Amino acid sequence: MRILVVEDEVKIRKGIASLINRHTEHTVIGEAKNGVEGYEMALRHLPEVVITDIRMPEMDGLQMMQKLQEKGGPWHFVILSGYSEFEYARQALRCGAEDYLLKPLAPEDVMGLLSSIQEKIEAESRKTRGMPEKKLRDYLIENDLGSTGELAAACGCAEDGVFRLVCAYTGNAGQEDREVCLDRFQKLKQMFPKQKIYFFFTESTGEFICFLEDQNWDQILKELEEKLLGRKLSGGPWAWTVGRAKGLTELKEVYEDLKARYAYGLVLGYGAFLTRERTEAFAPETWQYPKIEESRLQKAFYKEDREEFKKAADRFFQELSMARILPGQIRESCMKMVNFLTGMAQEHHRGIYEQLQNLHVVRQIGRAVTFQELTDIFSEVVDAFLQHMGQCEDISNYTIKRTIDYIRMHYPESISLEGVAARLDITPEYLSTLFNREMGENFSVFLKKFRISHAKRLLKGTDKKFYEIAQDVGYADPKYFNRVFKELEGVSPGDYRSLQR
């Protein structure tokens, strides 16, 4: 089921969404902080279940529920309430809510209630099993194939007839966009009253499907291309496909072929049908993943440069949108960049990493079909970074810790600011500035002090010769070691050893 959570308390809202995503097969399609947002999201995403608090600012849960019921959508409502609000919950039940959940929420109560609602939805669905649209939905999507004879009887057509299947991936289309589509197909039925034309939306796959007899196709095609496919929709473009079946026995095969073509909208656009001819004629070009943008994003992140981070992210996605490669490669490239950013967040900023985990971006990219969906997902990832860019003290601490760890491991060797910066994949200038700010002294002074502190330990605890100690702490030239030691300690290495004994 598709679920919308409406709750003004962030922890409760996030907790419910996380519980549903982790422990059920249902999908949380949105989270809203009040009734106004919830109403708009419900119209836009058409969830099957709306879980809503009662008392919220701007518009409460009861008002939102009543407004949505007036729209006649496919929703089932669950009310959240505290013990002190039970009278409100009772009122909500009288107004049509399925049930209520008492705070604090118990996971087993949430999961049990969702299972109960799902059973109810399935029971409602079974009642309409004889309808042509329901038969088609079961045949194509639910794999309840039955016999083509039963399908023909429900649709009032011949089993061996010739049919067209028009399908569109609609993504998160809102009510307004759906009404535009339904209105256009309703007009087609009025234009050709003797022709069998059945159509429906299916929530489980986010599709619009139209089954029609193969008559008047040229006129129908022209009508759709001129008055629907090119129309700008508020939720983003839909991926339209069309296929021809010779007999109902071919219908399922044709449908599976059409579904595979949706993703070609990523490279062919959405203003025309993604036909077999267009998709098979597409010739992918060679394209190299822009690794340099990873480096630019990383450097901008370390510098906390929001503007440069945004520019690098936009450049990457612009290049991706222009790439003439297979749809799967586009998704893979987007996934690769998101995995890189997630890894960077995991290492450097727990807050960003946790936010990305809550977004379930990898799963979302895996399900994305249209470029609008990929754009929305990638924008959420970038926004998560931009929101925290002024709060990245832990990035500085992490960088300094890595720098000091490197010095600790390699101080007997030749070490330079430039060499350490290259290993950390940042500029020497940035490392120098950061080191001064965090440690209160420059890199070379810190390195000298670190080496001399180890030299003092060797002078006190061993009988090693001075040149051996110089080499042990990273000074190939004993005279230079002697000079640095005297500069920092005020005495020569020999005098220091004598004073300790």
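Higher on the page you've got the structure.
Note that the structure is predicted; figures quoted are calculated from it, not measured.

Engineer: If you had to explain the state of the cysteines to someone new, which residues and values would you point to?
Structural biologist: Under the definition given, this model contains zero disulfides. In this structure Cys167 is not part of a disulfide, and its nearest cysteine sulfur, from Cys210, lies 8.8 Å away. Considering cysteine sulfurs only, Cys210 is the nearest to Cys181, which forms no disulfide, with 8.6 Å between them.

Engineer: Break down the packing of helix α14 (residues 306-322) against helix α15 (residues 327-348) for me, citing the residues and quoting the values.
Structural biologist: Contact geometry of α14 with α15 gives a least axis separation of 10 Å together with a crossing angle of 160°. Between α14 and α15, the crossing angle belongs to the class labelled roughly antiparallel. As for how α14 packs across α15, the hand of that crossing is right-handed. Every residue of α15 that contacts α14 at Phe309, Phe316, Phe317 and Leu320 is listed here: Ile330, Ser333, Cys334, Met337, Leu341 and Met344.

Engineer: Give me the lowdown on the pairing of strand β6 (residues 162-169), citing residues and values where you can.
Structural biologist: Most of β6 sits inside the fold, with seven of its eight residues counted as buried. With eight bridges connecting them, β6 and strand β9 (residues 239-246) associate as antiparallel partners. Looking at the pairing, Cys167 lines up with Thr241 of β9.

Engineer: Report on the sheet that holds strand β7 (residues 197-202), specifying residues and quantitative values.
Structural biologist: The strand order across the open sheet formed by four strands is β7-β8-β6-β9, and the pairing between neighbours is antiparallel. Every other strand in the sheet has two partners, leaving β7 and β9 as the edge strands with one partner each. Along the sheet, successive strands turn relative to each other by an average axial angle of 15°, direction set aside. Its contacts with the sheet put helix α10 (residues 251-261) on β6, β8 (207-213) and β9, and the angle it makes with β9 is roughly 155°.

Engineer: So what about helix α20 (residues 417-424)? Which residues, and what values?
Structural biologist: When α20 is considered as a whole, its buried residues turn out to be Leu417, Val420, Ala421 and Leu424. Angular distribution of buried residues about the axis of α20 spans 100°; they occupy a single face of the element. With respect to the buried face of α20, the exposed residues turned more than 90 degrees away are Ala422 and Arg423. Positive backbone phi, approximately 60°, marks Asp425, located one or two places after α20.

Engineer: So what's going on with the side chain of Glu373? Residues and values would help.
Structural biologist: By the element assignment, Glu373 lies in helix α18 (residues 371-388). The buried charged residue Glu373 lacks any salt bridge, with Arg331 as its nearest oppositely charged partner at 7.4 Å. Not counting residues within four places of it along the chain, the set of residues in contact with Glu373 comprises Tyr169, Gly171, Arg367 and Ala368.

Engineer: Mind laying out the sheet that holds strand β2 (residues 27-32), listing which residues take part and the relevant values?
Structural biologist: Strand order in the open sheet made by the five strands is β2-β1-β3-β4-β5, with parallel pairing throughout. Each end of this open sheet is capped by a strand with a single partner; those strands are β2 and β5 (99-102). When the angles between neighbouring strand axes are averaged without regard to direction, this sheet yields 20°. Where strand β4 (residues 76-81) meets β5, four bridges bridge the pair, whose relative direction is parallel. Among the inter-strand pairings, Val78 is bridged to a residue of β5, identified as Asp99. On the sheet, helix α1 (residues 10-23) packs against β1 (2-6), β2, β3 (49-53) and β4 and is oriented at approximately 175° with respect to β2.

Criteria and cut-off values
- Residues numbered from 1 in each chain as written.
- Predicted model: local features only at pLDDT ≥ 70, side-chain atom pairs only at ≥ 80, totals over all residues.
- Heavy atoms only, no water.
- Disulfide = S-S within 2.5 Å.
- Axes fitted to C-alpha atoms, helices over the stretch in contact; angles between N-to-C directions.
- Helix = DSSP H or I, 4+ residues; strand = E, 2+ residues; numbered from the N terminus.
- Parallel < 35°, antiparallel > 145°, perpendicular 65-115°, else oblique.
- Left-handed = near helix turned anticlockwise from the far one by under 90°.
- Contact = heavy atoms within 4.5 Å.
- Buried < 20%, exposed > 50% of the residue type's maximum accessible area, 1.4 Å probe, protein only.
- Pairing = 2+ DSSP bridges.
- Arc of directions from axis to C-beta.
- Lys, Arg positive; Asp, Glu negative; His and termini not counted.
- Salt bridge = Lys/Arg side-chain N within 4 Å of Asp/Glu carboxyl O.

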